[in-house]
Amino acid sequence: MDQNAIKEAATLLRQSGKTVALTGAGVSTESGIPDFRGRNGLWSRYDPFEYGTLGAFLDNPTKIWGMLAELLDVVDAEPNTGHIGLSRLEEMGLLAGIITQNIDSLHQKGGSKNIVEFHGSFETFTCLGCGRNHLLQFVRESTMPPQCKSCGEILKPDIVFFDEMIPESVLQDTQKLLAGTELLLVAGTSCQVQPAARIPHQVHNSGGRIIEINLVPALHGLATVSLTGSFAAVMEQLVRQLEE
Ligand code: ZN
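Residues numbered from 1 in each chain as written. Predicted model: local features only at pLDDT ≥ 70, side-chain atom pairs only at ≥ 80, totals over all residues. Heavy atoms only, no water.

So, about the nonpolar core. Within the largest apolar cluster, 27 residues are counted, with the highest numbers of intra-cluster contacts made by Ile 64, Trp 65, Leu 68 and Phe 122. In contact with Leu 68, other than residues within four places in its own chain, are Phe 57, Phe 122, Pro 157 and Ile 159. Grouped together as the second largest cluster of nonpolar side chains are 26 residues, Leu 12, Leu 94, Leu 95 and Val 239 included. (Core = buried A, V, L, I, M, F, W, Y, C linked by side-chain atoms within 4.5 Å. Buried < 20%, exposed > 50% of the residue type's maximum accessible area, 1.4 Å probe, protein only. Contact = heavy atoms within 4.5 Å.)

Here's what the structure looks like:
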């Protein structure tokens, strides 16, 4: 790995008045979660139009739960040293928060505190009948598809399906976190899915810098520093450099 790039990134982090991280599927692959969009990913085995929309869920929740049940294993995964590195940056006062496109809760498990889950989470489930909230543990102990404790309707995970809007409260939390951001640390995402893809442009247009951590650089023309490598390996080196 390019040591000069690591040093340059560490300098940017130290000098930044406010840094926010934007993370995607690539930060979780080293925790054993294949990128949903990649080879062996969920969407290579299930047609996203047939399985990934709220309309499909409402039409046949039992069928869609056949796929969603696989995510119960996904959320069993453990954070990797990259997730832990980001929580270390937060502890050191070098990171204000994380906006993640992942639904695996691995940033929470890695110790990070201030997290906006852009696409929701697989930790909570809402009854489409009465609105009652249920926790993951309840769903784990249920026979599929899981049904509401109160009214028996099928539960929907609090994730954002492809045809759903990002909830207004999440968009507001995102903008609150991004306000005044001088440095954006983009990790494990090529930023091709809207509306999260707009975030690097927003920071760049308001004069902020961008550090990118990706296996293959993707933010051409936007990133001040591109750290090429696995998220875990890069974060280990970056944290070591910052702790010196
Ligand atoms: Zn209910």
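Still to come is the rest of the account.
Let's shift gears to the pattern of salt bridges. All chains considered together, the criterion is met by 6 salt bridges. Across the pair Glu 70 and Arg 45 runs a salt bridge, and its minimum N-O distance is 3.1 Å. Here Arg 45 lies in helix α2 (residues 42-45) and Glu 70 lies in helix α5 (residues 61-74), a separation of 25 residues in the sequence. The shortest N-O distance in the salt bridge between Lys 156 and Glu 164 comes to 3.5 Å. On the basis of relative accessible area, Glu 164 is assigned to the partly exposed category, the value being 24%. Connected through salt bridges with shared partners, the residues Arg 88, Glu 91 and Glu 243 form a single ionic network. (Salt bridge = Lys/Arg side-chain N within 4 Å of Asp/Glu carboxyl O. Helix = DSSP H or I, 4+ residues; strand = E, 2+ residues; numbered from the N terminus.)

Let us look at the pairing of strand β7 (residues 183-187). Here β7 lies mainly inside the structure; 5 of its 5 residues are buried. Every second residue of β7 is oriented toward a common face, with Leu 183, Leu 185 and Ala 187 on one face and Leu 184 and Val 186 on the other, all of them buried. Bridge analysis of strand β1 (residues 19-23) against β7 gives 5 bridges, and the strand direction is parallel. Following the sheet pairing, Thr 19 is matched in β7 by Leu 183. (Pairing = 2+ DSSP bridges.)

All right, on to the coordination of the zinc ion then. The protein atoms that coordinate the zinc ion are Cys 127 (SG), Cys 130 (SG), Cys 148 (SG) and Cys 151 (SG), at distances spanning 2.3 Å. Around the zinc ion sit 4 donor atoms, and with donor-metal-donor angles ranging over 97 to 119 degrees the site reads as tetrahedral. All donors of the zinc ion come from a single chain, and their spacing in sequence reads C-x2-C-x17-C-x2-C. Of this pair, Cys 130 sits in the loop between β4 (120-127) and β5 (133-135) while Cys 148 sits in the loop between α8 (136-140) and β6 (155-159), placing them 18 residues apart in sequence. Classification of Cys 130 as partly exposed rests on a relative accessible area of 43%. (Donors = N, O, S within 2.8 Å, 3.2 Å for Na, K, Ca; no water. Tetrahedral: all angles 85-135°; square planar, octahedral: opposite > 155°, others 65-115°.)

Note that the residue after Met 144, namely Pro 145, is joined by a cis bond; omega there is -10 degrees. As for its placement among the helices and strands, Pro 145 is situated in the loop between α8 and β6. Positive phi, close to 60 degrees, is recorded for Ser 105, a residue that is not glycine. Within the secondary structure, Ser 105 sits in the loop between β2 (97-100) and α7 (106-109). With relative accessibility at 6%, the residue Ser 105 sits in the buried group.

Counted by the stated rule, this structure contains 6 aromatic pairs. On the basis of an interplanar angle of 40 degrees and a centroid distance of 5.7 Å, the ring pair of Phe 57 and Phe 161 is categorised as tilted. Note that Phe 57 is positioned in helix α4 (residues 54-59) and Phe 161 in the loop between β6 and α9 (168-178), a separation of 104 residues in sequence. Neither residue differs from the other here; Phe 57 and Phe 161 are each classed as buried. Linked through ring pairs, Trp 65, Phe 122 and Phe 125 together constitute an aromatic cluster. Cation over ring: Lys 63 sits above Tyr 51, and NZ or CZ is 5.1 Å from the ring centre. (Phe/Tyr/Trp six-rings, centres within 6.5 Å; stacked < 30°, edge-to-face > 60°. Lys NZ or Arg CZ within 6 Å of the ring centre and 35° of its normal.)

Attention now moves to the sheet that holds strand β3 (residues 115-117). Spatially, β3-β2-β1-β7-β8-β9 is the arrangement adopted by the 6 strands of the open sheet, whose pairing is parallel. The open sheet has two free edges, formed respectively by β3 and β9 (225-228), since each of these has just one partner strand. Strand after strand, the sheet turns through a mean of 15 degrees between neighbouring axes, direction not considered. Of the pairings in the sheet, the one linking β2 to β3 comprises 3 bridges and is parallel in character. Pairing of Ile 98 across the sheet is with Ile 115, part of β3. (Axes fitted to C-alpha atoms, helices over the stretch in contact; angles between N-to-C directions.)

This next bit is on the side chain of Thr 181. For Thr 181, the position within the fold is in the loop between α9 and β7. A distance of 3.4 Å separates a polar atom in the side chain of Thr 181 from the backbone oxygen of Leu 177. Thr 181 has contacts with Lys 18, Val 20, Val 203 and Gly 208, leaving out every residue within four places of it along the chain. (Polar contact = N/O pair within 3.5 Å; in protein donor to acceptor, adjacent residues only side chain to side chain.)

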